[in-house]
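Summary of structural features
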Amino acid sequence: MSFRPVKSTTLAQPTIEGEGVKLHRAFGFHNPDMFDPYLLFDDFRNENPEDYAAGFPWHPHRGIETITYVLTGSVTHKDSLNNEGTLGAGAVQWMTAGSGILHQEMPKGNAQGQMHGFQLWANLPASLKMTAPRYQDIAGKDIPEIIDDDGTQVRVIIGEFWGKRGPVDGIAADPQYLDIFVPAGIRKTFRVDTYRHAFAYVFDGAGRFTDAAPPKGVLLEKEVLGEEVNICDLSGDRTLIQFGNGDEVTVQAGPQGVRFLLISGAPLNEPIAWHGPIVMNTRDELKQALRDLNNGTFVKPAH
């Protein structure tokens, strides 16, 4: 076994998308090879409905898959193929845009006005860029959850882990998407396929990942389970951790424990021609997609 070193730790940056939705972007639109096959990752989390209620009105996608995971509140979606539905708390949707789709996503908060979810974009290989669009909507109750003896909890959204398989299947990126909580002071190791690109995204608590970047700020210490923990060594809320090669990821949880997404996928190693929500392999394909969008032939008829 070999531990994956940490290549970088960065904070998600405030961004505005859609009709003024305030969110934090962990990566996207720059250096797509770094996270291949993934293109973009957003954390949309707000407590003020004014910051998200206008949502993401009608917009196109082609050549990619979008993965939406809702923690709090809900997201209602409609598309140009007459699909519609609502993702509630704990639910996940994997949308294969393929040859082209127009859709809208409208977030709604819970009773307290809170909204929290994530959206990840996965690239499609050249052979599937023009495949027929499809959806996989999975309710929260259908996502398997494992609780280990030390209190570690893992929701297996996609892929196989600890003998459980997530309900989303048939995905080109051959991904693994896990929602993990490690209790305070626990050190835990997780297997990740050697040949996948992998990253973690911390969204609650804090933890130290093996070979994490040097500490920053004022050194603070706190005793957790009889051991002193250097707080400034820990990666906290909205931190993206990119891993190098290896087949294991290790995290040391901080005083409040740590909750994070651990995501990996098989790189495509293909050229990318990218314009907003349309991702093709060549400039000519991209130009054709824009022509289709302008002349009304973007959405292909169902066969």
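Residues numbered from 1 in each chain as written. Predicted model: local features only at pLDDT ≥ 70, side-chain atom pairs only at ≥ 80, totals over all residues. Heavy atoms only, no water.

Helix and strand counts for the protein come out as one helix and 25 strands. At 19 Å, the protein has a C-alpha radius of gyration in line with the 19 Å of a compact globule built from 303 residues. Projecting the C-alpha coordinates of the protein onto the three principal axes gives extents of approximately 65 × 45 × 40 Å. Total accessible area on the protein stands at roughly 13,900 Å², and carbon and sulfur atoms take up 49% of it. In the protein, which carries 27 positive and 38 negative side-chain charges, the distance between the mean positions of the two groups comes to 4 Å. (Helix = DSSP H or I, 4+ residues; strand = E, 2+ residues; numbered from the N terminus. Rg over C-alpha atoms; globule rule 2.2 N^0.38 Å. Areas by Shrake-Rupley, 256 points an atom, 1.4 Å probe, with all protein chains shown as cover. Lys, Arg positive; Asp, Glu negative; His and termini not counted. Charge placed at Lys NZ, Arg CZ, Asp CG, Glu CD.)

This part is about the environment of R4. Secondary-structure assignment places R4 in the segment before β1 (6-11). Along the backbone, R4 and D169 are 165 residues apart, and their C-alpha atoms lie at a distance of 26 Å. Here the side chain of R4 touches G244 through a polar contact of 2.8 Å, landing on its backbone oxygen. (Polar contact = N/O pair within 3.5 Å; in protein donor to acceptor, adjacent residues only side chain to side chain.)

So, about the sheet that holds strand β10 (residues 101-108). With antiparallel pairing, four strands are arranged side by side in an open sheet as β5-β10-β7-β8. Edge strands, defined here as strands with exactly one partner in the open sheet, are β5 (56-61) and β8 (84-87). Neighbouring strand axes in the sheet, compared pairwise and without regard to direction, differ in orientation by 25° on average. (Pairing = 2+ DSSP bridges. Axes fitted to C-alpha atoms, helices over the stretch in contact; angles between N-to-C directions.)

Looking at the protein as a whole, the pLDDT averages 89, with 91% of positions reaching at least 70. Below pLDDT 50 for its whole length, residues 212-225 participates in 28 contacts with residues either more than four positions away or in separate chains. (pLDDT = per-residue confidence, 0-100. Contact = heavy atoms within 4.5 Å.)

On to unusual backbone geometry. A cis amide bond links D36 with the next residue in sequence, P37, at an omega value of 15°. In this structure, F29 takes a positive phi of about 70° despite not being glycine. For F29, the location among the structural elements is in the loop between β3 (21-28) and β4 (38-46). For N31, which is not a glycine, the phi torsion comes out positive at approximately 45°. Its location among the elements puts N31 in the loop between β3 and β4. Judged by its relative accessible area of 52%, N31 falls in the exposed class. (Buried < 20%, exposed > 50% of the residue type's maximum accessible area, 1.4 Å probe, protein only.)

Under the defined criterion, the tally for this structure stands at 20 aromatic pairs. Measuring from ring centre to ring centre gives 5.3 Å for F209 and F260, while their planes differ by 85°; the resulting arrangement is edge-to-face. With a gap of 51 residues between them, F209 in strand β19 (residues 197-209) and F260 in strand β23 (residues 248-265) connect regions that are remote in the sequence. F260 carries the same exposure label as F209, and that label is buried. Here a set of aromatic residues connected by ring pairs shows up, and it is made of F27, F35, Y38, F41, Y69, F118, Y177, F199, Y201 and F203. (Phe/Tyr/Trp six-rings, centres within 6.5 Å; stacked < 30°, edge-to-face > 60°.)

One pass over the structure, following the stated rule, counts 14 salt bridges. Residue D51 is joined to K22 by a salt bridge in which the shortest nitrogen-to-oxygen separation is 3.5 Å. Taken together, the residues D51 in the loop between β4 and β5 and K22 in strand β3 connect sequence positions 29 residues apart. Judged by relative accessible area, which is 17%, D51 ranks as buried. Residues E160 and R165 are paired through a salt bridge, measuring 3.0 Å at the closest nitrogen-oxygen approach. Take E160: its relative accessible area is 47%, and that puts it in the partly exposed class. Salt bridges sharing partners connect three or more residues here, namely D43, R45, D237 and R238. (Salt bridge = Lys/Arg side-chain N within 4 Å of Asp/Glu carboxyl O.)

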